[in-house]
Amino acid sequence: MMIFKVFKIVVLIIWSLFLAWLITFGRNDLARLLHPRLWWLVVCGSVVFFIFFLRQVVSFKNSFSNPDLALQLPSLLILLLPILFFYRGSDVRFNVDTFRTRTVQTTDGSYLNSMSKQVEETEEPAEKGDDTLESLANEDLAEGVAESKEVQLTQLYRQYDEYLGKEVEVVCQTFVDKELPENIAMCYRYLIACCAADAQPLFIFLHYPESLTIENDKWIRTRGKVSVFAKNNANMPELQIEQVTYVEEPAFPYVF
Amino acid sequence: MYRGKEFTAPRPLQESLGIGLQIIFILYVVFILVMGQTPVWKNLIDNVAINFLAITLEALPFMLIGTLVGGIIEVFVPATMIDRVFRKNRIQAVFLAGGMGLIFPTCECAIVPVVRRLLIKGVPFSAAITFLLAGPIVNPIVAWSTATAYTLSWEVVVTRMVCGYAIAVSVGLLIGKFFNRQNGLLPGLADSAHNSCGCLQPVDIESSLRERLGHAVDHAGNDFFAVGRYLVIGAFISALLRSAVPMETFTSLSSSPWLAILLMMVMAVLLNLCSEADAFIAASFRWVLPGSSQMAFMVLGPMFDIKLLLMYLSVFRKRVIVALSLSTFFSVLITMLALEYFWPGFIS
């Protein structure tokens with residue numbers, strides 16, 4: 001069953017080379033699939049596939065089994081399907097549809113995610129805007145603070161009290177939805193624990209002037225003062241922005 | 001000299017069915033890929049592509065490591081050691097197997113090849129089942145990821161570990177009552193002697209280290225080709241569901257705790273998430289669903305999901321898979337209902 005062994009060798013070398021390419025020249029693609037903390041797995045996988053490949057080559061003539069090709073060939077082809085999908089996966093991105101499927105929309109059209117509860121647990125609840133779509137600008141804290149800097153969304157989300165009233169800059173994707181209140185858009189990035197499959201949208205709200213039009217599903221860099229967006233007994237960060245700059249997707253589109 | 005037409009036995013129906021299903025799967029995946037070119041399907045298929053690749057890239061290396069560990073166990077661990085540790089007292093072996101993950105942390109993608117080798121090596125059936133279920137939960141890496149996802153809420157971590165251990169031991173003991181190596185394993189595995197899987201040359205005890213390593217790699221490679229396709233099929237189904245089913249589908253149906261538990265269990269089976277990552281998804285329901293339902297998701301997922309179910313096909317007979325699935329599912333359900341009843345405010 002020489003042909004079967006040849007097929008196996010081909011599968012092994014394709015996988016080994018594919019993983020080796022990902023970790024060397026394909027890092028931009030890998031960054032959209034796997035948490036950098038787990039990139040060693042790709043190296044490991046490539047090495048193990050290469051060892052399997054070498055062993056198959058060395059023991060090419062010492063086959064003791066007589067496999068049924070019709071039975072084994074489909075399973076070998078199945079092993080190559082993920083690589084076939086890479087042809088498509090390398091050009092695609094998570095989009096607004098992903099955002100909708102991975103968040104929970106409340107009956108009044110607002111969106112919620114898991115981080116809101118964590119924020120609520122660690123912060124004093126807002127005094128105003130109990131269940132209305134009202135942004136709370138924290139005027140007191142806003143005074144006298146003008147320093148601006150780029151902040152990770154995770155940082156802003158988890159320690160937003162430290163940024164209240166301060167001007168910060170964020171890079172994120174836009175989500176514009178007619179269900180949201182007037183002049184309110186959302187700005188999000190995906191938070192991943194291991195890989196893109198577990199990505200959860202982490203979002204803040206953008207309060208923009210009427211004169212500004214924000215395009216949906218675009219990467220932006222924007223700057224504004226941090227305030228609180230209170231909704232459904234949960235407080236979330238909001239930026240009071242004046243303008244946005246459309247930018248390229250970052251090398252690492254996710255936050256960790 | 002004319003020899004006449006060579007006689008070939010007809011292919012068993014089950015085998016033909018297996019080949020047919022695999023071909024249908026390949027054609028379906030290619031069809032999906034082609035449909036992704038059309039504007040209507042583009043967004044969905046884009047999501048499927050990213051999820052499918054991401055799950056495969058994360059799971060496949062873990063599985064490869066699992067096959068290597070399995071190969072090393074096959075060649076280097078003497079059967080006498082297995083006898084000494086596991087065969088003296090089978091009940092004790094089950095309790096021991098439930099905690100083995102603490103010493104040998106193994107994720108759910110790697111566990112099947114490892115257990116396959118342990119069974120070939122002679123580990124008792126019930127102990128192997130227990131390790132299969134408990135290994136991906138009762139281990140320090142999963143404990144840490146759970147703690148991180150739940151902002152160092154140690155009651156969540158301890159509850160997950162304890163529930164995982166208790167359910168795995170209970171199911172292991174139960175399955176061990178009705179099944180053994182002979183009636184539970186696939187014929188090829190059940191017939192294996194302790195020192196050889198039967199697919200390769202037996203390893204001589206006096207073989208050189210290089211030869212033995214070579215044999216270990218051979219075993220690992222064979223395990224990869226035996227189990228790998230199930231991982232890919234499972235990853236694809238998971239990616240499809242992850243992309244097509246919105247989170248709202250589940251949250252909108254969560255009007256009662258028992259329904260929420262059931263829904264989260266179904267979601268755990270469908271999503272096929274790695275046990276390292278599932279706590280982060282469970283935590284995303286922290287303010288939406290009761291704690292017991294989040295725990296149900298975290299306990300059932302590493303024990304029983306589509307990917308694992310398909311990988312089990314490379315080890316167990318179908319009746320064992322059915323019994324294992326049902327007993328695991330209902331054990332988790334009963335445990336979580338009890339948790340909800342006795343500790344309603346769990347994970348507030």
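Topic: the overall build of chain A
- The secondary structure content of chain A amounts to 9 helices and 9 strands.
- Within chain A, buried positions represent 55% of all 256 residues.
- The contacts of chain A with a sequence gap of at least 6 include a subset with a gap of at least 24, amounting to 72%.
- Put simply, chain A shows about 11700 Å² of open surface, and 53% of that area lies on carbon and sulfur atoms.

Focus on the overall build of chain B
- Each helix and strand in chain B was counted, giving 18 helices and 0 strands.
- Here chain B, with 348 residues, has 59% of them falling under the buried criterion.
- Intrachain contacts of chain B at a sequence separation of at least 6 include 82% that bridge at least 24 residues.
- Here chain B displays about 14300 Å² of accessible surface, and carbon together with sulfur accounts for 69% of that area.

A short note on the confidence of the model for chain B
Residue and element names in this part refer to chain B.
- For chain B, mean pLDDT is 83; residues scoring 70 or higher make up 88% of the total.
- Element-level mean pLDDT values for chain B span from 70 in helix 13 (residues 247–251) up to 95 in helix 9 (residues 154–178).
- Low pLDDT, under 50, characterises residues 193–200; the stretch is placed with 25 contacts to residues that sit more than four places away or in other chains.
- Across the interface, the model reports ipTM at 0.81; the global pTM reads 0.77.

A closer look at the side chain of Glu340 of chain B
- Its location among the elements puts Glu340 of chain B in helix 18 (residues 318–342).
- On the basis of relative accessibility, which here comes to 15%, the residue Glu340 of chain B falls in the buried class.

Remarks on the state of the cysteines
Residues and elements named next belong to chain A.
- Applying the stated rule across the entire model yields 1 disulfide over all chains.
- Each sulfur in the disulfide pair Cys172 and Cys187 lies 1.6 Å from the other. Taking the sign of the S-S torsion, about 65° here, the bridge from Cys172 to Cys187 comes out right-handed. Separated by 15 residues along the polypeptide, Cys172 in strand 5 (residues 167–175) and Cys187 in strand 6 (residues 184–191) bring together distant segments of the chain. The pair Cys172 / Cys187 is uniform in exposure class, with both members buried.

Details of the nonpolar core
Residues and elements named next belong to chain B.
- Membership of the largest hydrophobic core comes to 189 residues, with the highest contact counts inside it found for Phe224, Phe297 and Phe316.
- Sorting elements by how many residues they give to this core places helix 2 (residues 39–76) first, with 15 residues.
- When neighbours within four sequence positions are excluded, Phe297 is seen to be in contact with Met264, Met267, Ala268, Leu271, Leu273, Asp278, Ile281, Ala282 and Pro302.
- If you look at the next biggest cluster of nonpolar residues, it comprises 5 residues, including Val142, Ala143, Val157 and Met161.

Here we look at the pattern of salt bridges
- Evaluation of the coordinates by the stated rule reveals 9 salt bridges over all chains.
- Glu169 of chain A serves as the salt-bridge partner of Arg223 of chain A, at 2.9 Å between the closest nitrogen and oxygen. With Arg223 of chain A in strand 8 (residues 219–231) and Glu169 of chain A in strand 5, the pair connects residues that are 54 residues apart, well separated along the chain.
- For Arg223 of chain A, a relative accessible area of 42% puts it in the partly exposed group.
- Exposure remark for Glu169 of chain A: the relative accessible area of 14% places this residue in the buried category.
- Taking the shortest distance from any N to any O, the salt bridge between Arg117 of chain B and Asp223 of chain B comes out at 2.8 Å. With Arg117 of chain B in helix 6 (residues 108–121) and Asp223 of chain B in helix 12 (residues 209–244), this residue pair connects regions lying 106 residues apart in the sequence.
- Judged by relative accessible area, Arg117 of chain B falls into the buried class, the value being 1%.
- Residue Asp223 of chain B is classed as buried on the basis of its relative accessible area of 0%.

What to know about the interface of chain A and chain B
- At the junction of the two partners, chain A supplies 68 residues and chain B supplies 69 residues.
- Carbon and sulfur atoms supply 73% of the area that chain A and chain B bury against each other, a total of about 6000 Å² over both sides.
- One salt bridge in this structure joins Arg55 of chain A and Asp218 of chain B, with 2.9 Å as the shortest N-O distance.
- Our enumeration of links across chain A and chain B arrives at 6 residue pairs in polar contact (both at pLDDT 80 or more).
- Breaking the side of chain A that touches chain B down by element, the ones donating at least two residues are helix 1 (2–24), helix 3 (39–58), helix 4 (69–89), helix 5 (96–102), strand 1 (104–105) and helix 6 (115–122) of chain A.
- Taken together, the residues that form the side of chain A that touches chain B break down as 41 nonpolar, 15 polar and 12 charged.

What about the layout of surface pockets?
All names here are of chain B.
- Roughly 570 Å³ of volume is contained in the second largest pocket.
- Together, 27 residues line the second largest pocket, and Val69, Phe104, Thr106, Val114 and Phe131 are the ones closest to its centre.
- For the lining of the second largest pocket, the elements supplying multiple residues, two or more each, are helix 2, helix 3 (79–87), helix 5 (100–103), helix 6 and helix 8 (140–149).
- It is helix 2 that contributes the most residues to the lining of the second largest pocket, 6 residues altogether.

A short note on helix 16 (residues 291–300) of chain B
Residues and elements named next belong to chain B.
- Of all 10 residues that make up helix 16, 10 are buried, and the element is covered over most of its length.
- Of the positions making up helix 16, those classed as buried are Gly291, Ser292, Ser293, Gln294, Met295, Ala296, Phe297, Met298, Val299 and Leu300.
- The inward-facing, buried residues of helix 16 contact helix 8, helix 9, helix 14 (257–271), helix 15 (278–283) and helix 18.

Observations concerning helix 14 of chain B
- Between its terminal C-alpha atoms helix 14 of chain B stretches 20 Å, which fits the 21 Å expected from 15 residues at 1.5 Å a residue.
- Those residues of helix 14 of chain B that fall on the buried side of the exposure criterion are Ala260, Ile261, Leu263, Met264, Met265, Met267, Ala268, Val269 and Leu271 of chain B.

What about the environment of Phe86 of chain A?
- Along the chain, Phe86 of chain A falls in helix 4.
- Note: C-alpha distance between Phe86 of chain A and Phe18 of chain A (68 residues apart in sequence) is 9.8 Å.

Thoughts on empty space enclosed by the protein
Residues and elements named next belong to chain B.
- Under the counting rule described, the total for this entry stands at 2 cavities of 30 Å³ or more.
- Empty space within the second largest cavity amounts to approximately 60 Å³.
- Among the elements that take part in the lining of the second largest cavity, helix 2 stands out by supplying 3 residues, more than any other.
- Of the residues contributing to the lining of the second largest cavity, the split by class is 7 nonpolar, 1 polar and 3 charged.

Some details on the pairing of strand 7 (residues 200–207) of chain A
Residues and elements named next belong to chain A.
- Counting buried positions along strand 7 yields 7 of 8 residues, so the element is predominantly enclosed.
- The pairing of strand 6 with strand 7 spans 8 bridges and is classified as antiparallel. Bridge pairing links Tyr190 to Pro201 in strand 7.

Calculation notes
- Residues numbered from 1 in each chain as written.
- Chains lettered and ligands numbered in written order.
- Predicted model: local features only at pLDDT ≥ 70, side-chain atom pairs only at ≥ 80, totals over all residues.
- Heavy atoms only, no water.
- Helix = DSSP H or I, 4+ residues; strand = E, 2+ residues; numbered from the N terminus.
- Buried < 20%, exposed > 50% of the residue type's maximum accessible area, 1.4 Å probe, protein only.
- Contact = heavy atoms within 4.5 Å.
- Areas by Shrake-Rupley, 256 points an atom, 1.4 Å probe, with all protein chains shown as cover.
- pLDDT = per-residue confidence, 0-100.
- Disulfide = S-S within 2.5 Å.
- Core = buried A, V, L, I, M, F, W, Y, C linked by side-chain atoms within 4.5 Å.
- Salt bridge = Lys/Arg side-chain N within 4 Å of Asp/Glu carboxyl O.
- Buried area = accessible area lost by both parts, 1.4 Å probe.
- Polar contact = N/O pair within 3.5 Å; in protein donor to acceptor, adjacent residues only side chain to side chain.
- Nonpolar A, V, L, I, M, F, W, Y, C, P; charged D, E, K, R; others polar.
- 1 Å grid on protein atoms, 1.4 Å probe; cavity = no way out; pocket = protein on both sides within 12 Å on 5 of 7 lines; lining within 4 Å.
- Points joined across faces, edges and corners; volume = space filled by probe spheres on them.
- Expected span 1.5 Å × (residues − 1).
- Pairing = 2+ DSSP bridges.

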